[in-house]
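Structural overview for review
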Amino acid sequence: MDFKGFDGPGGPGAGDTRSVKVMIAGGFGTGKTTMVRSVSDIKPLTTEETLTQASADVDRLIGVADKTQTTVSLDFGKISLNDSLMLYLFGTPGQERFWFLWNGLFKGALGAVVLVDTRRLASSFRAIEEMERQHVPFVVALNVFPDSKGYPVEEIRDALDIPPHTPVVTFDARDRASSRDVLVALIRHLKDRSAVALESR
């Protein structure tokens, strides 16, 4: 894996652009669509539909009772991190009834960001398990909501049983710079894993 000395915008690596598929995953209402919207260089494609009473017995709205829309297929956006690296972002649907779509979305993904709402940790258990099952490297991004309590990162790591080598970062999905920093953390994680793999050969 070569990102031509990636170190963010303005860094070395002018020339051919490398395109990388990145998944934005997590439980229902953790901020996936918000993150794609905030960080994408283009107007993102979203597939949000209005929640109706008909889905009241299916969709779990505990902790997100004021949410009015849900992603039914995927979100798509893209961002250029520098002259040599373009990320294509694919946001997954968070509700259990749409999880069957995940297998197709994960094909060809080099890495992923798993969003976590610290008020509802259990909502992202499935996403973390799916990363591990499909052997997709990932970082965990703790999305800060207005009424979120401040928990030490290591406490969250223990609660979610996240391996020590997996980065855990705090961010605000509404903020472009903050969301971009999460993607930078993922790319650095992928480079570190690649370097370790090469050394072990």
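Here's a quick rundown of the structure. (Residues numbered from 1 in each chain as written. Predicted model: local features only at pLDDT ≥ 70, side-chain atom pairs only at ≥ 80, totals over all residues. Heavy atoms only, no water.)

**Structural notes on the pattern of salt bridges**
According to the stated counting rule, one finds 8 salt bridges in the structure shown. Here Asp147 makes a salt bridge to Arg119, at a shortest N to O gap of 2.7 Å. Within this pair, whereas Asp147 is found in the loop between strand 7 (138-143) and helix 4 (153-160), its partner Arg119 is found in the loop between strand 6 (111-117) and helix 3 (125-133), the two being separated by 28 residues in sequence. One salt-bridge network, held together by shared partners, links Asp117, Arg119, Arg120 and Asp147. (Salt bridge = Lys/Arg side-chain N within 4 Å of Asp/Glu carboxyl O. Helix = DSSP H or I, 4+ residues; strand = E, 2+ residues; numbered from the N terminus.)

**Comments concerning the sheet that holds strand 5 (residues 85-91)**
An order of 4-5-1-6-7-8 is seen for the 6 strands of this open sheet, with the pairing classed as mixed. Two strands in the sheet have a free side with no partner beyond their single neighbour: strand 4 (75-82) and strand 8 (168-171). Within the sheet, the average angular offset between the axes of one strand and its neighbour, ignoring direction, is 25°. Sheet analysis places strand 6 next to strand 7, joined by 6 bridges and oriented parallel. When the sheet's bridge partners are listed, Asp117 is paired in strand 7 with Asn143. Together, strand 1 (18-26), strand 4, strand 5, strand 6 and strand 8 form the strand contacts of helix 1 (residues 32-39), whose direction differs from that of strand 4 by roughly 45°. (Pairing = 2+ DSSP bridges. Axes fitted to C-alpha atoms, helices over the stretch in contact; angles between N-to-C directions. Contact = heavy atoms within 4.5 Å.)

Limitation: the analysis is restricted to geometry and does not speak to function.
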